[in-house]
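Residue-level structure breakdown
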Amino acid sequence: MEYRTKEPENQSVLQRFGRWLALKQYQIEVTFGVYMFTPTEKFIFWSVVFLLSAMGSIATILYLPQHILFIINRAWFYVNGGESSGVFGSSNVVAAAKNALSLSLESVDPTNDLASAATETLREL
């Protein structure tokens, strides 16, 4: 006597996938005791399973390509080393940051802003 019945070879891919999903559902129901739940409990259980798997697959689709690209760039940097000059040099980045910081500090005049804010508040009162 065979444990498994022989599957017909003339099934389409969609039918084989449906049988595989039914088998997985049966395995989950037997393993976690879902077959003993009431219909409401089953609905809640399968809703949670669906939501978790959907969020996991969406996160994989959205973030895995970026993560793989980051790892490839990091490996490229480790293999080839960093450039000390050029567009991506660290000195250029530091100089740009200093320029941006000095421009932002020059545009802020604390005494002028404080006086105008006090005048506006006094007018409102």
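Please read all numbers here as calculations on a predicted model, not as lab measurements.

What follows is about the overall build of the protein chain. If you tally the helices and strands in the protein chain, you get 4 helices and 0 strands. Seen in sequence order, the protein chain has helices and strands lined up from the N terminus as α-α-α-α. In the protein chain, buried positions account for 4% of the 125 residues. For the protein chain, the computed accessible surface area is about 11,700 Å², with 67% contributed by carbon and sulfur atoms.

Taken together, the side chains of Leu23, Tyr26, Val30, Tyr35 and Met36 define a hydrophobic patch exposed on the protein surface, amounting to about 570 Å² of accessible area. One can find Tyr26 in helix α1 (residues 13–32). Here Tyr26 falls in the exposed class, since its relative accessible area comes to 54%.

Time to look at α1. Taking 1.5 Å as the rise per residue, α1 with 20 residues should run 28 Å; its terminal C-alpha atoms sit 28 Å apart, in good agreement. Of the residues flanking the end of α1, it is Gly33, one or two places downstream, whose phi is positive at about 75 degrees.

Turning next to helix α2 (residues 39–80). Look at α2: 60 Å from first C-alpha to last across 42 residues, which is about the 62 Å you get at 1.5 Å a residue. Most pronounced at Tyr63, the bend in α2 amounts to some 40 degrees, and the proline Pro65 follows within four residues. Backbone geometry just after α2 places Gly81 at a positive phi near 80 degrees.

Glancing now at the packing of aromatic side chains. For the structure on display, the rule yields 4 aromatic pairs. A centroid spacing of 6.0 Å and a plane angle of 25 degrees characterise the contact between Phe17 and Trp20, whose relative ring orientation is stacked. Of this pair, Phe17 and Trp20 both sit in helix α1, 3 residues apart, which is roughly one turn of that helix. Through a chain of ring-to-ring contacts, three or more aromatic side chains come together here, namely Phe37, Phe45 and Trp46.

This paragraph deals with the confidence of the model for the protein chain. On average, residues of the protein chain score 78 in pLDDT, and 62% of them reach the 70 mark or higher. Per-element averaging of pLDDT across the protein chain places helix α3 (residues 90–107) at the bottom with 56 and α2 at the top with 93.

What follows is about the side chain of Gln11. For Gln11, the location among the structural elements is in the segment before α1. Among the residues examined, Gln11 registers a relative accessible area of 17% and is labelled buried. Ignoring sequence-local partners within four residues, the contact set of Gln11 consists of Arg16 and Arg19.

So, how was this worked out
- Residues numbered from 1 in each chain as written.
- Predicted model: local features only at pLDDT ≥ 70, side-chain atom pairs only at ≥ 80, totals over all residues.
- Heavy atoms only, no water.
- Helix = DSSP H or I, 4+ residues; strand = E, 2+ residues; numbered from the N terminus.
- Buried < 20%, exposed > 50% of the residue type's maximum accessible area, 1.4 Å probe, protein only.
- Areas by Shrake-Rupley, 256 points an atom, 1.4 Å probe, with all protein chains shown as cover.
- Patch = residues over 30% accessible without salt bridge, like charges linked within 9 Å, V, L, I, M, F, W, Y side chains within 5 Å.
- Salt bridge = Lys/Arg side-chain N within 4 Å of Asp/Glu carboxyl O.
- Expected span 1.5 Å × (residues − 1).
- Bend = angle between axes of the 7 residues up to and from the residue.
- Phe/Tyr/Trp six-rings, centres within 6.5 Å; stacked < 30°, edge-to-face > 60°.
- pLDDT = per-residue confidence, 0-100.
- Contact = heavy atoms within 4.5 Å.

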